[in-house]
Amino acid sequence: MLPFRRARGVVVTFKVTDQENGEWAVLRVSGELDLVTSPVLRQRVHDVVAEGRHRLVLDLSEVWFCDSSGVGVLIASRRLLRSCQGRLRLILPARGAADGSHVNKVLGALGVRRLFEVHPDVPSAVDEDARPLSA
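Described below are features of the structure shown in this document. Being a predicted model, the structure only gives us computed values, none of them experimental. (Residues numbered from 1 in each chain as written. Predicted model: local features only at pLDDT ≥ 70, side-chain atom pairs only at ≥ 80, totals over all residues. Heavy atoms only, no water.)

## Things to note about the overall build of the protein
Phase 1 of the analysis: Helix and strand counts for the protein stand at five helices and six strands.
Phase 2 of the analysis: In the protein, the succession of helices and strands from N to C terminus is β-β-β-α-β-α-β-α-α-β-α.
Phase 3 of the analysis: Per-residue burial for the protein yields a buried fraction of 44% across its 135 residues.
Phase 4 of the analysis: Relative to all contacts within the protein whose residues are 6 or more apart in sequence, the contacts with residues 24 or more apart total 63%. (Helix = DSSP H or I, 4+ residues; strand = E, 2+ residues; numbered from the N terminus. Buried < 20%, exposed > 50% of the residue type's maximum accessible area, 1.4 Å probe, protein only. Contact = heavy atoms within 4.5 Å.)

Printed below as a string of structure tokens:
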């Protein structure tokens, strides 16, 4: 867990943990994904790809805030994985499409939600036969 100090002394925690699930690398992200923290996620994605893992799940179900910098990292991650014939899947809360997780709302508002395969949980995301949630 990485503490980040913001203006006025507010400390926000941001954490990225990884695990493997079959052929898939899973990065679980929690906290705020913004200008300050998004470089951490960008580097972790690059590290995964540099290790030769080209199937990546980003679990964003514990991200409660995402700004344009965070969206930029998601789009750049998609581009990176596609460039090496890899795959990127996102996890948003199971009710994300219905009641709108913050990340889901931001992706939808910017018109980029359709670019991503979104799943409700890790088992669905790593299942080759599972269908993504609708945009």
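## Points about the pattern of salt bridges
Phase 1 of the analysis: Scanning the entire structure with this criterion turns up nine salt bridges.
Phase 2 of the analysis: Put simply, Asp 59 and Arg 28 hold a salt bridge, and the shortest N to O gap is 2.8 Å. Here Asp 59 is found in strand β4 (residues 55–66), whereas its partner Arg 28 is found in strand β3 (residues 24–33), with 31 residues between them in sequence.
Phase 3 of the analysis: Residue classification places Arg 28 among the partly exposed positions, given a relative accessible area of 33%.
Phase 4 of the analysis: A salt bridge links Arg 87 to Glu 117; the shortest N-O distance between them is 3.1 Å. Note that Arg 87 is positioned in strand β5 (residues 87–91) and Glu 117 in strand β6 (residues 117–119), a separation of 30 residues in sequence.
Phase 5 of the analysis: One salt-bridge network, held together by shared partners, links Glu 23, Arg 55, Arg 87, Arg 89, Glu 117 and Glu 128. (Salt bridge = Lys/Arg side-chain N within 4 Å of Asp/Glu carboxyl O.)

## A closer look at the side chain of Thr 37
Phase 1 of the analysis: Examined against the element boundaries, Thr 37 turns out to sit in the loop between β3 and α1 (38–50).
Phase 2 of the analysis: Within polar-contact distance, the side chain of Thr 37 engages the backbone oxygen of Glu 32 at 2.5 Å.
Phase 3 of the analysis: Within the local environment of Thr 37, its side chain forms a polar contact with the backbone nitrogen of Asp 34, the two atoms lying 3.0 Å apart. (Polar contact = N/O pair within 3.5 Å; in protein donor to acceptor, adjacent residues only side chain to side chain.)

## Observations concerning the packing of α1 against helix α2 (residues 68–83)
Two quantities define a packed helix pair, namely the angle between the helix axes and the distance between the axes.
Phase 1 of the analysis: For the pair α1 and α2, the least separation of the axes is 9 Å and the interaxial angle reads 10°. The orientation of α1 relative to α2 falls into the category roughly parallel. Only Ser 69, Gly 70, Gly 72, Val 73, Ala 76, Ser 77, Leu 80 and Leu 81 of α2 make contact with α1, whose side of the interface consists of Ser 38, Leu 41, Arg 42, Val 45, His 46 and Val 49.
Phase 2 of the analysis: By residue class, the composition of the contact of α1 with α2 is seven nonpolar, six polar and one charged. (Axes fitted to C-alpha atoms, helices over the stretch in contact; angles between N-to-C directions. Parallel < 35°, antiparallel > 145°, perpendicular 65-115°, else oblique. Nonpolar A, V, L, I, M, F, W, Y, C, P; charged D, E, K, R; others polar.)

## Overview of the environment of Val 112
Phase 1 of the analysis: For Val 112, the location among the structural elements is in the loop between α4 (102–109) and β6.
Phase 2 of the analysis: With relative accessibility at 12%, the residue Val 112 sits in the buried group.
Phase 3 of the analysis: Spatially, the C-alpha atom of Val 112 lies 8.5 Å from that of Ile 75, the residues being 37 residues apart in sequence.
Phase 4 of the analysis: Apart from the residues lying within four places of it in its own chain, the contact partners of Val 112 are Val 71, Ile 75 and Leu 107.

## What to know about the environment of Ser 83
Phase 1 of the analysis: As for its position among the elements, Ser 83 is in helix α2.
Phase 2 of the analysis: Here the side chain of Ser 83 touches Leu 80 through a polar contact of 2.6 Å, landing on its backbone oxygen.

## Quick word on the nonpolar core
Phase 1 of the analysis: By size, the foremost hydrophobic cluster in this structure holds 29 residues, and its most contacted members are Leu 41, Leu 56, Leu 58, Leu 60 and Leu 90.
Phase 2 of the analysis: If you list the elements that add at least two residues to this core, you get β2 (11–21), β3, α1, β4, α2, β5 and α4.
Phase 3 of the analysis: In this structure Leu 58 touches Leu 27, Leu 41, Val 45, Leu 74, Leu 88, Arg 89, Leu 90 and Ile 91, once residues within four positions along its chain are discounted.
Phase 4 of the analysis: Formed by seven residues, the second largest nonpolar core is a distinct cluster that contains Trp 24, Val 57, Ile 91 and Val 122. (Core = buried A, V, L, I, M, F, W, Y, C linked by side-chain atoms within 4.5 Å.)

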